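Summary of structural features
Residues per chain are reported as follows:
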Amino acid sequence: MADEAKNAWLVAIAVGFQQETKFVFSSGSHPLDDLNRLVKSGGSPIGLLRFDKENSSVQGSYRPFEEYANESWVGEYLAGLLENTGEIIAMSQMRSVPDY
């Protein structure tokens, strides 16, 4: 995530749970600690969401992690998350520590 974030506006790791998706943001204070807590809580890191700012708009893209790259459902899942770009960006700007 750190390498991807070097030339992106924002990067998030999508962590899937049975009933929801949580995110670890490149802009967070301790993204590795956040990711470890989510995994210990039963989450599975599925892929990266990348957001690039172009003028006043934000373009999103995704990349599944290697262990999910050949799963038929993962592209639709990650693309569906990008339909909520505004909400995801708003979550990244919250200063409180996520509730695990």
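Residues numbered from 1 in each chain as written. Predicted model: local features only at pLDDT ≥ 70, side-chain atom pairs only at ≥ 80, totals over all residues. Heavy atoms only, no water.

Observations regarding the overall build of the chain
The helix and strand tally for the chain stands at 4 helices and 4 strands. Secondary structure of the chain in N-to-C order comes out as α-β-β-α-β-β-α-α. By the compact-globule yardstick of 13 Å for 100 residues, the chain fits well, its C-alpha radius of gyration being 13 Å. Looking at the chain as a whole, 31% of its 100 residues qualify as buried. In the chain, 53% of the contacts between residues at least 6 apart in sequence involve partners at least 24 apart. Approximately 6400 Å² of the chain is accessible, and the part contributed by carbon and sulfur atoms is 46%. Taking the 8 positively charged and 14 negatively charged side chains of the chain as two groups, their mean positions are separated by 8 Å. (Helix = DSSP H or I, 4+ residues; strand = E, 2+ residues; numbered from the N terminus. Rg over C-alpha atoms; globule rule 2.2 N^0.38 Å. Buried < 20%, exposed > 50% of the residue type's maximum accessible area, 1.4 Å probe, protein only. Contact = heavy atoms within 4.5 Å. Areas by Shrake-Rupley, 256 points an atom, 1.4 Å probe, with all protein chains shown as cover. Lys, Arg positive; Asp, Glu negative; His and termini not counted. Charge placed at Lys NZ, Arg CZ, Asp CG, Glu CD.)

Let's talk about helix H3 (residues 74-82)
Every buried residue of H3 is listed here: Val-74, Leu-78, Leu-81 and Leu-82. Angularly, the buried residues of H3 cover 105° about the axis, an arc narrow enough to put them on a single face. Where the residues of H3 are buried, they touch strand E1 (10-16), strand E2 (21-25), strand E3 (44-54), strand E4 (57-64) and helix H4 (85-92). (Arc of directions from axis to C-beta.)

Focus: the pairing of E4
In summary, the side chains of a regular strand alternate between the two faces of the sheet. Inspection of the sheet shows E3 paired to E4 by 8 bridges, in the antiparallel sense. By the bridge assignment for E4, Gly-47 is matched with Pro-64. Between E3 and the antiparallel strand that follows it, E4, lie 2 residues; Asn-55 among them carries a positive phi value of about 55°. (Pairing = 2+ DSSP bridges.)

Quick look at the sheet that holds E2
With antiparallel pairing, the 4 strands of this open sheet are ordered in space as E2-E1-E3-E4. Both edges of this open sheet fall to E2 and E4, since each of them pairs with a single strand only. Each strand of the sheet is rotated relative to its neighbour by a mean of 30°, with strand direction disregarded. Its contacts with the sheet place helix H2 (residues 31-40) against E1, E2 and E3, and it is angled at close to 160° to E2. Against the sheet, H3 makes contact with E1, E2, E3 and E4, and its axis sits at roughly 160° relative to E4, the strand it touches most. (Axes fitted to C-alpha atoms, helices over the stretch in contact; angles between N-to-C directions.)

Focus: the environment of Val-11
Mapped onto the fold, Val-11 is located in strand E1. Of the residues examined, Val-11 reaches a relative accessible area of 0% and is grouped as buried. Linking Val-11 and Glu-54, residues 43 residues apart in sequence, is a C-alpha distance of 15 Å. With sequence-adjacent residues up to four places away left out, Val-11 is seen in contact with Met-1, Glu-4, Ala-5, Val-24, Phe-25, Ser-26, Leu-48, Leu-49 and Arg-50.

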